[in-house]
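Topology and contacts: notes
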Number of protein chains: 4
Amino acid sequence: MNRESFAAGERLVSPAYVRQGCEARRSHEHLIRLLLEKGKCPENGWDESTLELFLHELAIMDSNNFLGNCGVGEREGRVASALVARRHYRFIHGIGRSGDISAVQPKAAGSSLLNKITNSLVLDIIKLAGVHTVANCFVVPMATGMSLTLCFLTLRHKRPKAKYIIWPRIDQKSCFKSMITAGFEPVVIENVLEGDELRTDLKAVEAKVQELGPDYILCIHSTTSCFAPRVPDRLEELAVICANYGIPHIVNNAYGVQSSKCMHLIQQGARVGRIDAFVQSLDKNFMVPVGGAIIAGFNDSFIQEISKMYPGRASASPSLDVLITLLSLGSNGYKKLLKERKEMFSYLSNQIKKLSEAYNERLLHTPHNPISLAMTLKTLDEHHDEAVTQLGSMLFTRQVSGARVVPLGSVQTVSGYTFRGFMSHTNNYPCAYLNAASAIGMKMQDVDLFIKRLDKCLKAVRKEQSKESDDNYDKTEDVDIEEMALKPDNVLLDTYQDASS
Amino acid sequence: MNRESFAAGERLVSPAYVRQGCEARRSHEHLIRLLLEKGKCPENGWDESTLELFLHELAIMDSNNFLGNCGVGEREGRVASALVARRHYRFIHGIGRSGDISAVQPKAAGSSLLNKITNSLVLDIIKLAGVHTVANCFVVPMATGMSLTLCFLTLRHKRPKAKYIIWPRIDQKSCFKSMITAGFEPVVIENVLEGDELRTDLKAVEAKVQELGPDYILCIHSTTSCFAPRVPDRLEELAVICANYGIPHIVNNAYGVQSSKCMHLIQQGARVGRIDAFVQSLDKNFMVPVGGAIIAGFNDSFIQEISKMYPGRASASPSLDVLITLLSLGSNGYKKLLKERKEMFSYLSNQIKKLSEAYNERLLHTPHNPISLAMTLKTLDEHHDEAVTQLGSMLFTRQVSGARVVPLGSVQTVSGYTFRGFMSHTNNYPCAYLNAASAIGMKMQDVDLFIKRLDKCLKAVRKEQSKESDDNYDKTEDVDIEEMALKPDNVLLDTYQDASS
Amino acid sequence: MNRESFAAGERLVSPAYVRQGCEARRSHEHLIRLLLEKGKCPENGWDESTLELFLHELAIMDSNNFLGNCGVGEREGRVASALVARRHYRFIHGIGRSGDISAVQPKAAGSSLLNKITNSLVLDIIKLAGVHTVANCFVVPMATGMSLTLCFLTLRHKRPKAKYIIWPRIDQKSCFKSMITAGFEPVVIENVLEGDELRTDLKAVEAKVQELGPDYILCIHSTTSCFAPRVPDRLEELAVICANYGIPHIVNNAYGVQSSKCMHLIQQGARVGRIDAFVQSLDKNFMVPVGGAIIAGFNDSFIQEISKMYPGRASASPSLDVLITLLSLGSNGYKKLLKERKEMFSYLSNQIKKLSEAYNERLLHTPHNPISLAMTLKTLDEHHDEAVTQLGSMLFTRQVSGARVVPLGSVQTVSGYTFRGFMSHTNNYPCAYLNAASAIGMKMQDVDLFIKRLDKCLKAVRKEQSKESDDNYDKTEDVDIEEMALKPDNVLLDTYQDASS
Amino acid sequence: MNRESFAAGERLVSPAYVRQGCEARRSHEHLIRLLLEKGKCPENGWDESTLELFLHELAIMDSNNFLGNCGVGEREGRVASALVARRHYRFIHGIGRSGDISAVQPKAAGSSLLNKITNSLVLDIIKLAGVHTVANCFVVPMATGMSLTLCFLTLRHKRPKAKYIIWPRIDQKSCFKSMITAGFEPVVIENVLEGDELRTDLKAVEAKVQELGPDYILCIHSTTSCFAPRVPDRLEELAVICANYGIPHIVNNAYGVQSSKCMHLIQQGARVGRIDAFVQSLDKNFMVPVGGAIIAGFNDSFIQEISKMYPGRASASPSLDVLITLLSLGSNGYKKLLKERKEMFSYLSNQIKKLSEAYNERLLHTPHNPISLAMTLKTLDEHHDEAVTQLGSMLFTRQVSGARVVPLGSVQTVSGYTFRGFMSHTNNYPCAYLNAASAIGMKMQDVDLFIKRLDKCLKAVRKEQSKESDDNYDKTEDVDIEEMALKPDNVLLDTYQDASS
């Protein structure tokens, strides 16, 4: 409402009350102005009402929402379904232009602003989460794997001879496929066992660099967030190798923004050596739906080059989700989530420790992994071949999601490459185990239910083993779910793939 | 509500009425069942209420919506913002798995069903729109350009020697960049002028194939939908060349689904020769927000290969949009839109013809282009260098979107390649012109407003020319928009880029 | 967004585009300003986007949405459920104050504006619909019956001796109960049969006025909209009687706004005689949910007195619904609905005429009733006692809603008063009949389906009659609804009550 | 989705996952079934997803949502605006029928169920809140005042001679007007001062009963929730008088559900004496929008009589709001809110005590009032006539809502009755004071902000007083709201009315 509208309003109801309402409006506007001027995540989360006002104001700046617009092009932001228009807050034009996913669209000033502000907010949060010297970043509506591919495709133009990507092994399919898809040959560096932990074999990396020749290597592709007992790569040392040999360095930081340790590793790597880009998932770090990632780096122009590599426009949906989320949370809300995650990690760790000991198992000692934990399934595995997979199946049917059992000796071929001991990040880990993770947004109730159900499943499997029987474990439990009649192996296989992908 | 709930309901209100309500429920369920069983777009669009019931039913099959779920993984579909959850109808897990964007997710049966059904519906619509023998297709949450890149990256693994992509020139940046991004060298084939039309130079294509050698060619990359006076490529003949030389053929069918002519060309090409995949935009053909495309083809296993190339999960948002849209419209509703578009094309064509003649210009004769039209700006161009660009700027500020003025002699460099006569698809088109298109969803009111505003702008430019003055054209018009104080050239440049991208 | 925000926006994306967006915003604001200044229904319906912007702007003027508010009262507009807040667009304070339902609330300038504007729009529409000289009106969140009660309670204070209300009979329970609830004794004036029509017995009215004495009569309570063969009361003549004897006149115009004839009667009545207030339903005339009414009149101060009679605040929900509806439709949209209704009335009339003749029945000749029609069920009734009621039950179970069968000889007691021939508005109508109405929003498809199903039901009943059998009529039809196993009488009874209430 | 749909789903994605999803569905259905069978508020609040499923399921049982319905009546639940339909979850038919607001509608089984269940849930909550022996209740879409009127109108039919209502004075307009509107003469019983408290003068009540004669008295109309220093009426004793003299007793329990003390008084009154009905506001007790009330009582048939008095259908909106709210909260959530309110009352009480002492004022000692508090404004009042009203105005413009200043000597005439000392519930309270209340949903932040702002305002008024100046108090504060240029008296007057109504 403009001045004339307020004046008209004053004639309808008391001027004093209208003026009070008009004042109140200013506080919403003030927040919006601060956001646009500073480009930072507000400390305190916004009210839903301010948020919707803001989105509404942006949307009416797009030509598809102009009351007097007439469109005679092939792409005019027309929408057939009112449900669809509404769920996108009437942002229809997407983000970017053919030249550049970060470019401004003449037809869509509002969507363009949305895109700029989101990237700016996300940059702010990355700094806050520990990578203080990050130079630029952008949200891309593709998941982590495809975003890594885009980074590799960008590097190709700078390194015409390159054929190989050096990759310390991590048994997760999409990061492996990201290299294949980009058309490069992954050079797998096996991890070394230090105590219970699987860590980067730096010597093997350097030896391989020398063997293949730096010019033939597109980049080193390292990983922070990963399932225990693998731990984050030794980023500092890898970054130094990259700097020494003039090799680019791309970091898969999939769900690392939520961990100050992972972020610290990146910050340190960039300080002492070379990191060209680090890529993180939106959904895993910001509790939004799957489908977006952030590509960030320390050199503004390289990040811009990547953004210019994306051919054509792109969905604004992931940007919109993360914008809504960050404005709702505020930086304080996000920090609170990070803090709670850390606390939940300790709690989960303690609970698993206790439970494992009750079953003569143990929590693997993996102090370098800040998110994922592993508990041995030794005794289970000894007695019976299929007991480990059966446990996985039982947990699945009891609505425990995200727990992952890792048996010994699994072999898998991905895009022509064969991995022995697949899922365990090494050819021969000493024992079978089970993973659980404390990720952002986890609640104490999740931990408690998990421990309770795991306890019951372990008990049931034990009992069966002792009876040499297959199907009569105790099924009475809090959530009364009838056991699904399925071959455990099939489900398990899927469970594996899920866990590992 | 289950049987017991209905029974309880009957005790609260009259059994007769509850039973009537229960009957009514069955008609919704019946529609849902038909959809799941047949996998076809319903003839009549669904009621919003059936649609929401269906989405709700699917969503509660995803583990993040299980009432008893406990999550201990790193990706559990948690959502921080209720607004975000709601706008996605609580589908959070996205689609696909690390191995394959079409794969089923154990954690998300509902999202997986959504994905399968959407692809099935879209396949049905592609058949209905004219490509009857299409074998498979899938929705990918990337715009057309990046989807073409994915096709090229997939082909790379099958054609290790290939370096080149044969590409009949079309002045649109993202399809050009899609080849660059994939790491290939585009070989531009200039078009030939036939009457007013710019058409594929088949001889030059074949000559180039022989010159470079088929093995070194990744594919021919042709185009259907394009701005007049360029017309769709001669797909049949290109398809035959591809078949003869054993070269793959990828068709950029960006906004071609809406035109029976474009679809017919693809169908014919596949019948007489070789087409490996054709790619179309979701937003341009289905009136949904920007950000998705459909990759389709005649060989099921090749389409599956492409879907397996996408590393990692992906956003379900474009799939959800097109699902909602198609279920709301029904196949009858979609056919009606196609019919109206065709009618609007005739209407637009007639109106431009009339107007152009009033200004001693003419409508270019481009009968092979079913969507886009062009009107000469000869007299304008003769008198004054900047008059054409000024017209573009004036249309923009008057909220005419999508119209595109094409001056002579524009030169542009894209990813190191220089295009003379950029925007006109040829080095030297005989005259400057203006484009307008009749795309799906266009209304008669769009045409009328456009013609009215164009008339005013042309009048104003003429007047100025005669006065040798720059800034006093008549600005009184229906939509009272004050002229924005900007250097016309700048806006024009943007307008160009927009139009051409 | 204010000026500073736009300036900040210009630094993020191109100033030219932001300015264009800013211009576009003004057109929304312009519409809002016009509404507030003129208080009239816009000719053309508003875009959903303007509408939501407007509601949002109003809502943030209410204290419960102030960002800095602190509430220490007992009624602060706090909301426990976000779903509830959202569905009310965050208008929580309702309308009115303890003194007056039309009064302004200091805590809620936005809700107060909403209330004022809604009343103003509704007044505009009442004029447009034919009562040009209406002086004032207000929306009240009570259905027609309770609103009539409020009018009677207001009159009580002006006519301390009054005990009776003169009421030309109409067999509809809630208008009858509105008098009982207000504490008065209805004096029923039986209708006279003129041709097929039942019309007001003016002589009986005047005789009763003289018999009881004007001072003892609270008012005459007349009716416009009613089921055929009853027709609207002779308002002009009644109004003259009221004027002559100094008796107030309250008109139940329940669903009369949709009919120019009903509105014309009111306008004429007020011109030549006396009408104090006329009451109409919101849902029946404006296609909104049940629960609101409009109390209107020709004397501003009397309408204000009524509004001051409502003790306490009231729900804003009906006002909000009608506001959204009228702004969406615009006056043109509403006029179009009125026109379509009229056309549908002719269509329905013709279709029933044809069908009735095929069954040796006839359409009753009721030219004074502009909304409701009646078709005789003579032959049906002759053969079999229960055939008429059975027909009603069959139509109900076949999802024909709103059709009403009226058998002969039904007797009903309401609040101690016994009505012979209940439902037929007279003690002894010559024959049984069936009613159908053409109300606002009816579609041709409704008529066609109704005629088709009625045809089938009549056929089935006939067949049964000839077979002297009870349960084997043909049930194959378009909507495949299994016959519900219920005693027809029970359903019928309900159907009666529904129809008549 | 029915069995066939799930089977079809299993063919599209893995049967194991579909079955898991199907299991998950059952837990939602289980909750719905429990609700329908028990009719009790669930202990734990429902998930939004269960809630929406439930509402959706109910809505499709209404005939306006039948896919095959054809409507030929005058009221078919048609909706013109999709926004309106959606915000009502497609419940359009309202609740009740002409005969009875609690009756079942044949056309709307879903709305009828909604109505029954809501009333059942609300009854459960009233018991839980302390009135264990309540027999029946119903939600009515009218605020407290009009609901009281309905009770009085119902009693009229049972007590033909009655003219008077005995009413211990409480200075709140709408409960006073509720008697006037119903057509009765309020007999005001002045309160007696006991310490700081104003309490029921039982002797005066009984004397008045004897004086007027029980048959001429419609009922005693008592009040629980009220502003300090008035305290809840002595319900037990009043109930005994009512029982002894055979006089009905209606209790205005406006915002008393939130207080166990108020509820206890009602329970006790009914146990030892007579209470016919008690009426409470929905918005004030359940944090929903203004517009609904609950009429409850200990005699099932009397409550039914009242519900049958409401002539015609009514809005379902307030019922829907309270249903959503209670299902979201669960009884545990509601109990938690009650507990927090009590704690906040202590906190507010302590903070006001401290502040008042700092200004040589004191907290009035009103231990019988469980919700409202009062702080003297003696020193303020002594120095300056207008200081008290000025304080009210200052608080209002600083976005303190709900605080109420009560000067001495205010006189007001309501419907012809003159009240001396209006707002203070007595002709001559010893001093001016300020009210604040701890109502359900209040947050600690509300209290803290209030105390801070009150402190500043008091300081400013003092300063002014000492300067004998009118307009220069210190305005720097947290919320930077410019002082509105209005005559303080005007605002104050409004503030008064607001507070008292």
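Per chain, residue numbering runs from 1 following the sequence as it is written. Chains carry letters from A onward and ligands carry numbers from 1 onward, assigned in written order. It should be noted that, the model being predicted, local features are given only for residues of pLDDT at least 70 and side-chain atom pairs only at 80 or more, the latter also being counted only at that level, while totals for whole chains, interfaces and linings use all residues. Side-chain measures were taken over the full set of non-hydrogen atoms in the model, leaving aside hydrogen atoms and water.

1. Topic: the UniProt feature "binding site: tRNA" (unreviewed entry) in chain A
Residues and elements named next belong to chain A. UniProt positions are given in the numbering used here, feature names are shortened, and annotations may be inferred rather than shown by experiment. The sites that UniProt annotates as "binding site: tRNA" (unreviewed entry) are Arg271, Arg398 and Lys463. Separation in sequence by 193 residues is matched in space for these annotated residues, since their most distant C-alpha atoms are 54.5 Å apart. Segments assigned H or I by DSSP are reported as helices when at least four residues long, segments assigned E as strands when at least two residues long, and all are numbered from the N terminus. Take arginine 398: it is sitting in the loop between α15 (387-397) and β12 (400-401). Mapping lysine 463 onto the fold places it in helix α16 (residues 444-467). Judged by relative accessible area, lysine 463 falls into the partly exposed class, the value being 42%. Relative accessibility decides the category of a residue: with a 1.4 Å probe and only protein chains considered, values under 20% of the type maximum give buried, values over 50% give exposed, and everything between is partly exposed.

2. Considerations on the packing of aromatic side chains
Two aromatic rings from Phe, Tyr or Trp, using only the six-membered ring of Trp, form a pair when their centres are within 6.5 Å; if the ring planes differ by under 30 degrees the pair is stacked, by over 60 it is edge-to-face, and anything between is tilted. What the rule picks out here adds up to 40 aromatic pairs over all chains. Where B:Tyr17 meets C:Phe396, the ring centres are 5.9 Å apart and the plane angle is 70°; that geometry is what we call edge-to-face. Here C:Phe396 lies in helix α15 (residues 387-397) and B:Tyr17 lies in helix α2 (residues 15-38), a pairing that spans two chains. Taking the relative accessible area as the measure of exposure, B:Tyr17 reaches 3% and is therefore buried. These aromatic residues form a ring-pair network of at least three members: A:Trp167, A:Phe176, A:Tyr417, A:Phe419 and A:Phe422. Whether a charge lies above a ring is judged from NZ of Lys or CZ of Arg, which has to be within 6 Å of the ring centre and within 35 degrees of the ring normal. Over the face of the ring belonging to A:Phe227 we find A:Arg404, whose NZ or CZ atom lies 4.1 Å from the ring centre.

3. Side note on the pairing of strand β16 (residues 433-437) of chain A
All names here are of chain A. A large share of β16 lies buried, amounting to 5 of its 5 residues. Residues Tyr433, Asn435 and Ala437 point to one face of β16 and Leu434 and Ala436 to the other, with burial holding for every one of them. We treat two strands as partners when DSSP finds at least two bridges between them. Bridge analysis of strand β11 (residues 372-376) against β16 gives 5 bridges, and the strand direction is antiparallel. From the neighbouring strand, serine 372 faces β16, where its bridge partner is alanine 437. The pairing of strand β13 (residues 404-406) with β16 spans 3 bridges and is antiparallel. By the bridge assignment, valine 406 is partnered in β16 with tyrosine 433.

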